[in-house]
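Fold and geometry: a report
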Amino acid sequence: MTSSDNSRCARAGEIEAFTTPPSVPPIFQTTAFDVADLDQLQAISAGEQHGYIYTRDRNPNHDAFARAIAELDGGEAGVACSSGMGALAAIVLAHVESGDHLIVARVLYGRSLQLVRHLTESFRVDVTLVDATRPDEFRAAVTPRTKLAIVETLSNPLVEVTDIPAVTAALEHVPLLVDSTFTTPCLLKPIAHGARYVLHSASKHLNGHGDVTLGVVVGPRDIMDRSRELASIFGMNANPFDCWLATRGLRSLPLRMTRISETAHKIAGLLEQHPRVGRVFYPGLTSHPSHATAAALLTRGCGGIVSFEVAGDGRESASRFMRAASAIPFSPTLGDSRTTISHPASTSHRYLDASEREHCGVTDNLLRLSVGLEAADDLQTELEQGLAALR
Ligand SMILES: *Cc1c(COP(=O)(O)O)cnc(C)c1O
């Protein structure tokens, strides 16, 4: 190697400018961006020129994904974060300091409840837990220090539907953050119903192929700028490749959500008729306590989550079912192209103690399906295999 080879190697891989743009956006897999001079640095930092400096702060793939979700959800801007939990941390930290107050739905994704509990225990943020199906509880909980209320569109795993217009009316000036992971903007647009912010775990339906960990939050531009800054300070920024994959996933999102909702509705109806199944939870069923709210808000489908209780003795029956229905993978996620099954008591709700689990309706014989893109007939056969194995 000559010394100029050393320099060639160090600077290798430059792409010559060309006139035909790529049909698909490239992945900007770069830590930083080269800045022409100090004037340009100043202009970009001040927002006078559109440019990028450092990927932890901002990256074209973050922006492309977050902008797409902001447009779909009807928000001004969005921020992509390293996970759904990262997005939740960023937006919550943009609102509270010690002594402030949050109103939080009692039934929330397990890790989200843990995050809130951590804020209480370590940072003296006060939290009032409320029943998301009771808007009056939100009204009663508001104090002068209430900075934010947090709900999910559909609860996990009993799929109760939050009446977002009623909750925002009850909260008056307190901003509402809606975790819309289960519904996506294809089925529900919370901002149109009065919510200030929408959050998604893009690890689920938005990406839809089970190969990404990513989150996004959408809302007014000033708070999104603050949340992006917090995501950078705490290192909760998204990775460009995950943003690129999730943006690709979006292209089929409407087709997937429609198909998933249709299949889930069909499967829920079949399970409800089966003698070895106890209660079935799907808001599209007239038997579901949230059916009326679903009929008003979820006119394009109720999503892919169906929960049901298997007959028999709790955890043992659940286990027997899962082994016999082995074509359906046991995977503690949702929103994959494959239908997956989960045992909430051992997965999403394992961080809660027994009484908290009971409050969430999570019994040991409860299973949760995240319906995917397979043929409904195949799923029916596979579920019947599982049920046939029950005593
Ligand atoms: C998965 C999930 C989250 C957390 O998202 P990650 O991307 O796993 O961090 C938050 N809310 C809901 C409703 C979820 O299902």
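What counts, and where the lines are drawn
Residues numbered from 1 in each chain as written. Predicted model: local features only at pLDDT ≥ 70, side-chain atom pairs only at ≥ 80, totals over all residues. Heavy atoms only, no water. Helix = DSSP H or I, 4+ residues; strand = E, 2+ residues; numbered from the N terminus. Buried < 20%, exposed > 50% of the residue type's maximum accessible area, 1.4 Å probe, protein only. Pairing = 2+ DSSP bridges. Axes fitted to C-alpha atoms, helices over the stretch in contact; angles between N-to-C directions. Contact = heavy atoms within 4.5 Å. Phe/Tyr/Trp six-rings, centres within 6.5 Å; stacked < 30°, edge-to-face > 60°. Salt bridge = Lys/Arg side-chain N within 4 Å of Asp/Glu carboxyl O. Core = buried A, V, L, I, M, F, W, Y, C linked by side-chain atoms within 4.5 Å.

In this structure, Pro 157 follows Asn 156 across a cis peptide bond, with omega equal to 0 degrees. Summarising the element assignment, Pro 157 is placed in the loop between β4 (146-152) and α7 (164-171). In this structure, Val 159 is a non-glycine residue whose phi angle is positive, near 55 degrees. In this fold, Val 159 is placed in the loop between β4 and α7. Positive phi outside glycine occurs at Thr 184, with the angle close to 60 degrees. Mapped onto the secondary structure, Thr 184 falls in helix α8 (residues 184-187). With a relative accessible area of 0%, Thr 184 lands in the buried category.

Now for the sheet that holds strand β10 (residues 340-342). Sheet architecture is open: 4 strands sit in the order β8-β9-β11-β10, paired in antiparallel fashion. Strands at the two margins of the open sheet, each flanked by one partner only, are β8 (277-281) and β10. For this sheet, the mean inter-axis angle between neighbouring strands, taken without regard to orientation, is 25 degrees. The sheet contacts of helix α13 (residues 314-324) involve β9 (305-310), β10 and β11 (366-370), and relative to β9 the element is tilted by about 120 degrees.

Attention now moves to the packing of aromatic side chains. One pass over the structure, following the stated rule, counts 3 aromatic pairs. Geometrically, the ring pair formed by Phe 33 and Tyr 52 is tilted, given 5.5 Å between the ring centres and 40 degrees between the ring planes. Taken together, the residues Phe 33 in the loop between α1 (3-10) and α2 (38-45) and Tyr 52 in the loop between α2 and α3 (60-73) connect sequence positions 19 residues apart. Note on accessibility: Phe 33 and Tyr 52 belong to one class, buried. A centroid spacing of 5.6 Å and a plane angle of 75 degrees characterise the contact between Phe 308 and Phe 321, whose relative ring orientation is edge-to-face. Here Phe 321 lies in helix α13 and Phe 308 lies in strand β9, a separation of 13 residues in the sequence. Each member of the pair Phe 308 and Phe 321 is classed as buried.

By the definition in use, this model includes 12 salt bridges. One salt bridge in this structure joins Asp 336 and Arg 338, with 3.2 Å as the shortest N-O distance. Each of Asp 100, Arg 145 and Lys 147 takes part in salt bridges that share partners, so that together they form one network.

Attention now goes to the nonpolar core. Counting 110 residues, the largest nonpolar core has Phe 65, Phe 321 and Leu 369 as its most contacted members. Residues in contact with Leu 369, not counting those within four places in the same chain, are Ile 267, Leu 271, Gly 304, Ile 305, Val 306, Phe 308, Ile 328, Thr 339, Thr 340, Ile 341 and Leu 383.

Working note: regular strand, side chains alternate between the two faces of the sheet. Burial of strand β2 (residues 101-105) is extensive: 5 of the 5 residues sit out of reach of the surface. Burial of the side chains of β2 extends over both faces: His 101, Ile 103 and Ala 105 are buried on one face and Leu 102 and Val 104 on the other. Here β2 pairs with strand β3 (residues 126-130) via 5 bridges, running parallel. Looking at β3, one finds that Ile 103 is bridged to Thr 128.

Geometry only, nothing functional implied.
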